[in-house]
Amino acid sequence: MKPFKRWFGSKPDAEELIQKLDSDNIPNHVAVIMDGNGRWAQKRGLPRVAGHHSGMKNVKKITMAADAIGVQVLTMYAFSTENWKRPKEEVDYLMKLPLEFFPKEIDELIANNVQIRMTGWQEGLPDFTLKAIQDAIDQTKNNTGLILNFALNYGSRKEMLKGIQRLVEDVKQQKVNEEDIDESLFARYLLTDPLPDPDLLIRTSGESCGSVILCCGGWPIPSCGLQSFAGRNLRSSTSTKRFKNISAGQEDTAGCNGNEESNLKQRIITGLIAGVGFIALLLLGGYWFAGLILVLSFVGYDEFLRMNKLKDNKALEWFGYLGVFCLTMQWQYAGMTPERLTWIFLFLFMAITVITKNRTTIDQAAMAFLGMVYIGFGFHFMISTRWIEEGGLFWTLLVFVCIWTTDSGAYFTGDWLGKTPLWPTISPKKSVEGAVGGVVLSIVAAVIFALIRPELLSLLQAVWIGFLIAAVGQMGDLIQSAYKRVKGIKDTGAILPGHGGVLDRTDSWLIVFPFLQSLNVLPHV
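A quick note: this is a predicted structure, and the numbers were derived from the prediction, not measured.

Q: Explain the overall build of the protein to me, please; I cannot follow it from the model alone.
A: Within the protein one finds 19 helices and 9 strands. Across the 525 residues of the protein, 47% fall into the buried class. Once local pairs closer than 6 in sequence are excluded, the contacts in the protein between residues at least 24 apart make up 72%. In the form shown here, the protein has an accessible surface area of approximately 26,500 Å², with 61% of it arising from carbon and sulfur atoms.

So this is what it looks like as structure tokens:
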């Protein structure tokens, strides 16, 4: 019961901790070296990118905490000039993190009056990375609260070298007199200008600082204090500036890892609320359930379009929504069969490329069409299963319960026993032990259904169906994870707090229902 022990464990209230701080002893500028994330992941048998993703999730938490206690500037050392030496796969993943972080968090950052800035060189950074950062900078440039400064493609040696070169050039051109050169003048030639000097430096990896300049990252840092987070221990130190003695509690993990307990709470609460509503409409059946599924299909297709950056193409968008509606609902449209409907929309999508004179590319049309078929057919088979004349509710509940028990079994078994990564490059947290646990629980759930309605389902059939649902469902989840990995995102949306988007929650549904009906495992309408 380890997850529940963590969840119910007592923790000090955040407001209570803030009140204990000395308001006259709060650092004005805090700098955080986001170091050790990759090593944190490797110690747990995960790929390094899993650690980077975990660290990124906590940037908002750190920002909100810093803002709450009165910090004026928060600098996050995210990517140094030395980091280009890392493996290409890891660098490519790091470059995609701003695309995931800013679109998802920008609204809350704006609501909290946070201003985004960047310190570093743009040369060498991918265009999509620069665009994500620049968009965030533009959207928050008028904010007057906490400054969240990202040190990206930044190195102190290069910064000082470039600063010296610019200063020497200005001296040659007699823009600066040699006798006027001092620390304050030289500071104006650094990228950190006009930000104030950091009062506190936090390095999350727990390693000691071999070189003040290299470790601390710039001209002003040697005068700052150094806090080092190692595992669950925090070593406090004294700053020679404003920051003197701030005691801190324990960190849950190294490498800026987040509070899994709060995420678990959020997931459970959201799951309970959404689950009760879903089950109520499922029990009502008919057009109540069909209407819910249709709404989910529209939201899911909207997420698909956003993932593939197709929302600005109105022709593809509206043809796609129309296709999703036709494929999701029943087929009685002037005698149209699913095959005919699919072909008609295939023609329409391809025709758009000609009508727009290739402003809509064939690749864009193909992707929009793929999403329409994947989502439309997937959700349709949920409706058709519920509308089975004999035992429609039984079969629909059977599939959903087996999917839910697979997910739960995989999660808890993996948490307790998981040691062997299942497919770490796609889904770092999944383990072989968790997958097996999910299959076992799915079979148990199916057997219980067989015992309840033996006239509809034999025990042998239950074992077979339970196995199929678990195996195919987990494959559907991995397919979605692989696609999100390619797109460099964690969730398809944010409509379900703690759970992500509709496609995040229905990835197994969209594969399992069509699979079972296509193989005649389930009765047909």
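Q: What is the right way to look at the packing of aromatic side chains in this model?
A: Geometry of an aromatic ring pair is reported as the spacing of the ring centres plus the angle between the planes. If you walk through the whole model with that rule in mind, you get 27 aromatic pairs. Between the aromatic rings of Phe 394 and Trp 395, the centroid separation amounts to 5.2 Å while the plane-to-plane angle is 85 degrees, which identifies the pairing as edge-to-face. Among the residues examined, Trp 395 registers a relative accessible area of 5% and is labelled buried. Pairwise contacts between aromatic rings join Phe 278, Phe 289, Phe 400, Trp 404, Trp 509 and Phe 513 into one cluster. Over the face of the ring belonging to Phe 394 we find Arg 453, whose NZ or CZ atom lies 5.9 Å from the ring centre.

Q: Is there a simple way to think about helix H7 (residues 156-172) in this case?
A: Compared with the 24 Å implied by 1.5 Å per residue over 17 residues, the 24 Å span of H7 between its first and last C-alpha is a close match. The set of residues buried in H7 consists of Ser 156, Glu 159, Met 160, Gly 163, Leu 167, Asp 170 and Val 171. On an axial view of H7, the arc spanned by its buried residues comes to 105 degrees, and they lie on one face. Turned more than 90 degrees away from the buried face of H7 sit Arg 157 and Lys 172, all of them exposed. The positive-phi residue at the C-terminal boundary of H7 is Gln 174, with phi of around 60 degrees.

Q: In this structure, what is going on with the nonpolar core? I would like to understand it.
A: Across soluble globular proteins, nonpolar side chains show a tendency to be buried alongside one another. Formed by 59 residues in total, the largest nonpolar core has its most connected members in Phe 278, Tyr 301, Phe 349, Trp 395 and Leu 457. Counting residues per element, this core draws most heavily on helix H11 (residues 286-307), which supplies 10 residues. Not counting residues up to four positions away in its chain, the partners in contact with Phe 278 are Phe 289, Leu 292, Ile 293, Leu 296, Phe 400, Trp 404 and Trp 509. By size, the runner-up hydrophobic cluster in this structure holds 34 residues, among which are Met 34, Leu 97, Phe 102 and Leu 109.

Q: Even after reading the chapter, I still don't get the packing of helix H15 (residues 392-417) against helix H16 (residues 432-452), so can you show me in this structure?
A: Two elements in contact, H15 and H16, have axes separated by 7 Å at closest approach and are oriented at 145 degrees. At the point where H15 passes H16, the crossing takes the right-handed sense. Between H15 and H16, the residues in contact are Phe 394, Leu 397, Leu 398, Val 401, Cys 402, Thr 405, Thr 406, Gly 409, Ala 410, Thr 413, Gly 414 and Leu 417 and Glu 433, Gly 434, Gly 437, Gly 438, Leu 441, Ser 442, Ala 445, Ala 446 and Phe 449, respectively. For the contact of H15 with H16, a count of residues per class yields 11 nonpolar, 9 polar and 1 charged.

Q: Would you mind showing me how to read the environment of His 53 here?
A: Assignment of secondary structure puts His 53 in helix H4 (residues 48-69). C-alpha of His 53 to C-alpha of Leu 97: the two residues are 44 residues apart in sequence and 7.6 Å apart in space. Not counting chain neighbours up to four residues away, the residues in contact with His 53 comprise Tyr 93, Leu 97, Glu 100 and Lys 490.

Q: Even after reading the chapter, I still don't get a negative patch on the surface, so can you show me in this structure?
A: There is a patch of like negative charges on the surface, built from Glu 178, Glu 179, Asp 180, Asp 182 and Glu 183. Overall, the relative accessible area of 56% leaves Glu 183 in the exposed class.

Quick notes on the rules
- Residues numbered from 1 in each chain as written.
- Predicted model: local features only at pLDDT ≥ 70, side-chain atom pairs only at ≥ 80, totals over all residues.
- Heavy atoms only, no water.
- Helix = DSSP H or I, 4+ residues; strand = E, 2+ residues; numbered from the N terminus.
- Buried < 20%, exposed > 50% of the residue type's maximum accessible area, 1.4 Å probe, protein only.
- Contact = heavy atoms within 4.5 Å.
- Areas by Shrake-Rupley, 256 points an atom, 1.4 Å probe, with all protein chains shown as cover.
- Phe/Tyr/Trp six-rings, centres within 6.5 Å; stacked < 30°, edge-to-face > 60°.
- Lys NZ or Arg CZ within 6 Å of the ring centre and 35° of its normal.
- Expected span 1.5 Å × (residues − 1).
- Arc of directions from axis to C-beta.
- Core = buried A, V, L, I, M, F, W, Y, C linked by side-chain atoms within 4.5 Å.
- Axes fitted to C-alpha atoms, helices over the stretch in contact; angles between N-to-C directions.
- Left-handed = near helix turned anticlockwise from the far one by under 90°.
- Nonpolar A, V, L, I, M, F, W, Y, C, P; charged D, E, K, R; others polar.
- Patch = residues over 30% accessible without salt bridge, like charges linked within 9 Å, V, L, I, M, F, W, Y side chains within 5 Å.
- Salt bridge = Lys/Arg side-chain N within 4 Å of Asp/Glu carboxyl O.
- Lys, Arg positive; Asp, Glu negative; His and termini not counted.
- Charge placed at Lys NZ, Arg CZ, Asp CG, Glu CD.

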